[in-house]
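Examining the three-dimensional arrangement
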Amino acid sequence: RGKRAFIAGVADDNGYGWAIAKSLAAAGAEILVGTWVPALNIFETSLRRGKFDESRMLPDGSLMEITKVYPLDAVYDCPEDVPKDVKTNKRYSGSSKWTVKEVAESVQQDFGTIDILVHSLANGPEVSKPLLETSRYGYLAAISASSYSFVSLLKHFLPIMNPGGATISLTYIASEKIIPGYGGGMSSAKSALESDTRVLAFEAGRKHNIRVNTISAGPLRSRAAKAIGFIDMMIDYSLENAPLQKELTAEEVGNAAAFLASPLASAITGAVVYVDNGLNAMGVGV
Ligand code: NAI
């Protein structure tokens with residue numbers, strides 16, 4: 001039987017989530033995605049109109065099929081958590097059942113079980129502010145959207161994950177080294193995500209035989225990264241200083257994710273795996 005993957009955080013064809021979906025599809029997995037509610041309309045319209053057809057192309061010439069797109073807002077666990085102004089917001093009221101618990105229930109109803117869970121989402125409303133200027137609200141919002149969202153996804157999807165399955169999230173080196181410009185508590189959120197990767201690997205491994213890993217990815221010009229504002233500088237810095245002097249492609253991260261999700265990685269859990277042309281290993285730039 002082919003594997004089934006749910007990838008949270010796909011809203012266009014530029015980010016890591018899309019590339020991971022493609023690599024998993026190329027390896028034979030069935031693809032379900034979770035798309036942020038405010039981005040749902042444009043994503044589905046673009047898909048339908050063929051705007052992504054070129055980037056849906058797999059190595060064998062076929063086009064990646066996305067079996068189903070679920071609206072998702074990973075900062076809300078259940079309907080009771082959703083504030084009134086969000087519920088009645090035009091961008092949200094057109095969709096339903098988009099809290100984490102409800103999405104897991106819908107996936108279970110539609111498909112029964114999954115094998116692979118991917119978390120490829122982050123949000124920090126104050127990311128462009130230094131930590132010293134970050135508000136409590138901004139800091140907690142970054143942690144909620146970028147770290148707890150993974151805890152919540154795992155918690156709600158674990159009961160419908162087949163034993164032997166795998167989960168993957170995306171992190172960034174700013175969790176462990178100073179990267180000026182990655183602010184708003186996003187560096188803190190990535191530290192939490194990496195620490196949680198270890199603790200959750202233990203809990204999900206013992207309880208359900210599920211592996212939990214995170215990929216520390218190098219810089220990519222995604223929609224989210226462009227919003228931070230320093231992505232071109234980071235790409236140039238990597239080109240100049242990393243052991244491998246080439247631009248990192250999303251596909252390279254997708255392929256590493258496909259490996260980590262596969263039986264080839266059956267003894268790897270609780271790990272932070274660098275897919276960054278080796279930049280993390282440098283002490284000084286030369
Ligand atoms: P992206 O823009 O393709 O992906 C981020 C996704 O998160 C978007 O689709 C957005 O709609 C979604 N999202 C935001 N808030 C959400 C919420 N509350 N509920 C559900 N979805 C929500 O950008 P990218 O860069 O591919 O990001 C994917 C992951 O990769 C993130 O965790 C990011 O921190 C990580 N990463 C990115 C790097 C880069 O240079 N682009 C480097 C290292 C890690």
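Computed from a predicted model, the values in this text were never measured in an experiment. (Residues numbered from 1 in each chain as written. Predicted model: local features only at pLDDT ≥ 70, side-chain atom pairs only at ≥ 80, totals over all residues. Heavy atoms only, no water.)

**A closer look at the side chain of glutamate 126**
Selection criterion: In this description a helix means any DSSP run of H or I spanning at least four residues, a strand means any run of E spanning at least two, and both kinds are numbered starting from the N terminus. Exposed residues in this analysis have more than 50% of their type's maximum accessible area, buried residues have under 20%, and partly exposed residues fall in between, with area computed by a 1.4 Å probe over protein chains only. Whether two residues are in contact is decided by their heavy atoms: any pair within 4.5 Å suffices.
Position of glutamate 126 relative to the elements: it lies in the loop between strand E4 (114-119) and helix H6 (136-157). Given the relative accessible area of 10%, glutamate 126 is considered buried. Excluding residues within four positions of it along the chain, glutamate 126 makes contact with Glu133, Thr134, Ser135, Tyr137, Gly138, Gly183 and Gly184.

**Quick notes on the pattern of salt bridges**
This is how the line gets drawn: When a carboxyl oxygen of Asp or Glu is within 4 Å of a side-chain nitrogen of Lys or Arg, the pair counts as a salt bridge.
Under the defined criterion, the tally for this structure stands at nine salt bridges. For the salt bridge of glutamate 252 with lysine 246, the shortest nitrogen-to-oxygen distance reads 2.7 Å. Taken together, the salt bridges that share partners define one network made up of Asp53, Arg56 and Glu65.

**Points about the pairing of strand E2 (residues 30-36)**
Heads up, the rule is: Look down the strands so they point away from you; if going from the first strand over the helix to the second traces a clockwise path, that crossover is right-handed. Here a strand pair is declared whenever DSSP counts at least two bridges between the two strands.
Of all seven residues making up E2, five are buried, and the element is well covered by its neighbours. The β-α-β motif built from strand E1 (residues 4-8), the intervening helix H1 (residues 16-26) and the parallel element E2 has right-handed crossover chirality. Sheet topology places E2 next to strand E3 (residues 66-72); six bridges connect them, and they run parallel. When the bridges of E3 are listed, glycine 34 appears paired with tyrosine 70. Traced from E2 through helix H2 (residues 37-48) to E3, the parallel crossover comes out right-handed.

Geometric values such as these leave the question of function open.
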